[in-house]
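As a plain string of letters, each chain reads:
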Amino acid sequence: SETALEKTLNKDGLRYRLNRTEKEADEVGRLMDLPGFEVNLPLIGQTYLGPPKVASVWEALGFTATSNNEARQQEKLKAISKAREAKKGVKGGPGAEIRKKWLDKYGYPRLVGSGGIFYADQLSSDKEPMGGFNMGKSGQMWPIPDVVKGGNYGGAKGWGLKKKGPAVDGLPKAKN
């Protein structure tokens, strides 16, 4: 059930469907400290009626709600690392053995298992740039927060990444 999934994710500190974990919700408290009450409804049973545990009205409406908390950022970093260190490709297919071909042709490792890419979405609430596909490519159309800009162009995860070496994973270029 969704409730069981939410509780399982919350144990690891991960949010479910943009909702704060129980611990995070308790830290912020009820919206504007408004009172609530419990009623015993037929068919449903004991039910709480009152304001949600959110930081603002905008979060309650979903405008500023995010699933991107500290635990999720750590999971993204672990997934990037796992993709970089894997030797087998997707579904056990070619991985490390095609690394040189992709580096020579495109300038970045293509597949998971070849020291390759893993998409880690770049959010304005990230503490460090995640780099998207970590291909050393980036662009900007609209004004963006500084942490996102830090991943663009000359930033650590944008074009500046290519200045560090030929491959996004920091490994030397494959030899013949």
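Residues numbered from 1 in each chain as written. Predicted model: local features only at pLDDT ≥ 70, side-chain atom pairs only at ≥ 80, totals over all residues. Heavy atoms only, no water.

## With respect to the packing of aromatic side chains
One pass over the full model with this rule turns up one aromatic pair. Ring centres 5.8 Å apart and planes at 65° place the aromatic pair Trp58 and Phe63 in the edge-to-face group. (Phe/Tyr/Trp six-rings, centres within 6.5 Å; stacked < 30°, edge-to-face > 60°.)

## What to know about the pattern of salt bridges
Evaluated as defined, the whole model comprises five salt bridges. A salt bridge links Glu59 to Arg20; the shortest N-O distance between them is 2.7 Å. Of this pair, Glu59 sits in helix 3 (residues 57-61) while Arg20 sits in the loop between helix 1 (2-11) and helix 2 (22-28), placing them 39 residues apart in sequence. Assessed through its relative accessible area of 11%, Glu59 is described here as buried. With relative accessibility at 22%, the residue Arg20 sits in the partly exposed group. (Salt bridge = Lys/Arg side-chain N within 4 Å of Asp/Glu carboxyl O. Helix = DSSP H or I, 4+ residues; strand = E, 2+ residues; numbered from the N terminus. Buried < 20%, exposed > 50% of the residue type's maximum accessible area, 1.4 Å probe, protein only.)

## A look at the environment of Lys11
In this structure, Lys11 sits in helix 1. Residues Lys11 and Lys23 lie twelve residues apart in sequence; the distance between their C-alpha atoms is 9.7 Å.

## Overview of a nonpolar patch on the surface
A contiguous nonpolar patch, built from Met32, Leu34, Val57, Trp58, Leu61 and Phe63 and spanning about 690 Å² of accessible area, is present on the exposed surface. Mapping Val57 onto the fold places it in helix 3. (Patch = residues over 30% accessible without salt bridge, like charges linked within 9 Å, V, L, I, M, F, W, Y side chains within 5 Å. Areas by Shrake-Rupley, 256 points an atom, 1.4 Å probe, with all protein chains shown as cover.)

## Regarding the layout of surface pockets
The volume enclosed by the largest pocket comes to roughly 460 Å³. Around the largest pocket sit 18 residues that line it, and Glu6, Asn19, Arg20, Ala25 and Lys53 are the ones nearest its centre. A total of four residues in the lining of the largest pocket trace back to one element, the largest contributor, which is helix 1. Across the lining of the largest pocket, the residue classes tally to five nonpolar, four polar and nine charged. (1 Å grid on protein atoms, 1.4 Å probe; cavity = no way out; pocket = protein on both sides within 12 Å on 5 of 7 lines; lining within 4 Å. Points joined across faces, edges and corners; volume = space filled by probe spheres on them. Nonpolar A, V, L, I, M, F, W, Y, C, P; charged D, E, K, R; others polar.)

## What to know about the side chain of Arg15
Mapped onto the secondary structure, Arg15 falls in the loop between helix 1 and helix 2. For Arg15, a relative accessible area of 15% corresponds to the buried category. There is a polar contact of 2.6 Å between the side chain of Arg15 and the backbone oxygen of Thr66. Setting aside residues up to four positions removed in sequence, Arg15 forms contacts with Leu9, Asn10, Arg20, Thr21, Glu24, Thr66, Ser67 and Asn69. (Polar contact = N/O pair within 3.5 Å; in protein donor to acceptor, adjacent residues only side chain to side chain. Contact = heavy atoms within 4.5 Å.)

## Considerations on unusual backbone geometry
Positive phi outside glycine occurs at Leu18, with the angle close to 70°. Of note, Leu18 is situated in the loop between helix 1 and helix 2. A relative accessible area of 40% places Leu18 in the partly exposed class. For Leu43, which is not glycine, the phi dihedral falls at a positive 70°. Looking at the secondary structure, you find Leu43 in the loop between strand 1 (37-41) and strand 2 (45-49). For Leu43, a relative accessible area of 93% gives the class exposed.

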